[in-house]
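# Coordinate analysis (summary)
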Amino acid sequence: MKTFSVEERERIETVIRSCEVCFVGMADEEGRPYVLPMNFGYEDGVIYLHSAQDGRSIRTMKKNPRICVTFCSDPELICQHPEVACSYRMKAGSVVCEGEVEFESDFTEKERALNIIMRQYVDKKFTYSVPAVNNVKIWKLRIDTVGAKEFGIMRPGSISYKDRAEF
């Protein structure tokens with residue numbers, strides 16, 4: 001299986017923006033892992049997430065705010081030979097981001113974050129009621145480290161990822 005590291009910021013952002021769900025990983029104080037699929041928004045190196053005001057994830061992050069967020073774009077099962085199990089591979093792009101989560105409490109910034117999240121899914125600006133904004137927990141992850149890869153075998157006649165405009 002060929003795997004290519006991706007370092008170009010615009011290619012990394014293409015993978016992030018192509019996803020509808022990200023997976024947020026954290027560890028509780030006993031070191032037990034906890035991973036959540038979540039909706040998200042992304043802008044200028046910051047991942048925005050939202051949730052209820054309290055719950056297992058919030059309690060976990062208050063004790064350990066380090067989280068990992070992963071993205072996987074357009075996974076596609078491909079193979080070299082349909083009768084050979086080991087020739088099957090998943091072709092996709094992936095991004096792994098790490099950092100320390102912060103919770104946003106400023107009302108105007110929470111509205112802005114909600115619009116960034118909604119922009120990931122629809123091209124429309126929204127207005128929010130005061131209770132809706134006050135009752136949502138906004139998470140901000142300023143990305144400390146990021147790793148990205150394209151993986152899977154290439155199709156016959158395809159060219160290397162650096163020469164393609166998209167994954």
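Residues numbered from 1 in each chain as written. Predicted model: local features only at pLDDT ≥ 70, side-chain atom pairs only at ≥ 80, totals over all residues. Heavy atoms only, no water.

Turning to the side chain of Asn115, a few remarks are in order. With respect to the element layout, Asn115 can be found in helix H3 (residues 107-119). Residue classification places Asn115 among the buried residues on the basis of a relative accessible area of 14%. Residues within four places of Asn115 in sequence aside, it is in contact with Lys125, Phe126 and Tyr128. (Helix = DSSP H or I, 4+ residues; strand = E, 2+ residues; numbered from the N terminus. Buried < 20%, exposed > 50% of the residue type's maximum accessible area, 1.4 Å probe, protein only. Contact = heavy atoms within 4.5 Å.)

Here the focus is the confidence of the model for the protein chain. In the predicted model, the protein chain carries a mean pLDDT of 88, and the fraction of residues at 70 or more is 90%. When the criterion is pLDDT under 50, residues 155-167 qualifies, and its contacts beyond four places in sequence or with other chains add up to 23 contacts. (pLDDT = per-residue confidence, 0-100.)

The next thing to look at is the pattern of salt bridges. Tallying each qualifying case throughout the model produces eleven salt bridges. One salt bridge in this structure joins Arg112 and Glu109, with 3.6 Å as the shortest N-O distance. Here Arg112 and its partner Glu109 are both found in helix H3, three residues apart, which amounts to about one turn of the helix. The partly exposed category is assigned to Arg112, whose relative accessible area is 33%. One salt-bridge network, in which partners are shared between bridges, spans Glu43, Glu109, Arg112 and Arg119. (Salt bridge = Lys/Arg side-chain N within 4 Å of Asp/Glu carboxyl O.)

Bringing the packing of aromatic side chains into the picture now. For the structure shown, the criterion picks out three aromatic pairs. Here the aromatic rings of Phe40 and Phe71 are separated by 5.0 Å at their centres, their planes lie at 70°, and the arrangement is edge-to-face. Residue Phe40 is located in the loop between strand E3 (33-38) and strand E4 (41-43), and its partner Phe71 is located in strand E6 (residues 66-79); the two are separated by 31 residues in the primary sequence. With relative accessibility at 2%, the residue Phe71 sits in the buried group. Between the aromatic rings of Phe103 and Trp139, the centroid separation amounts to 6.4 Å while the plane-to-plane angle is 90°, which identifies the pairing as edge-to-face. In this pair, Phe103 sits in strand E7 (residues 88-104) while Trp139 sits in strand E8 (residues 137-142), placing the two residues 36 residues apart along the sequence. On the basis of relative accessible area, Trp139 is assigned to the buried category, the value being 0%. Of the aromatic side chains, those joined through ring pairs into one cluster are Phe40, Phe71 and Tyr121. (Phe/Tyr/Trp six-rings, centres within 6.5 Å; stacked < 30°, edge-to-face > 60°.)

Notably, Asp44 is not glycine yet its phi reads approximately 50°, a positive angle. Checked against the element boundaries, Asp44 lands in the loop between E4 and strand E5 (46-51). Located in the positive-phi region is Asp74, a residue other than glycine, with phi close to 40°. Tracing the sequence through the fold places Asp74 in strand E6.

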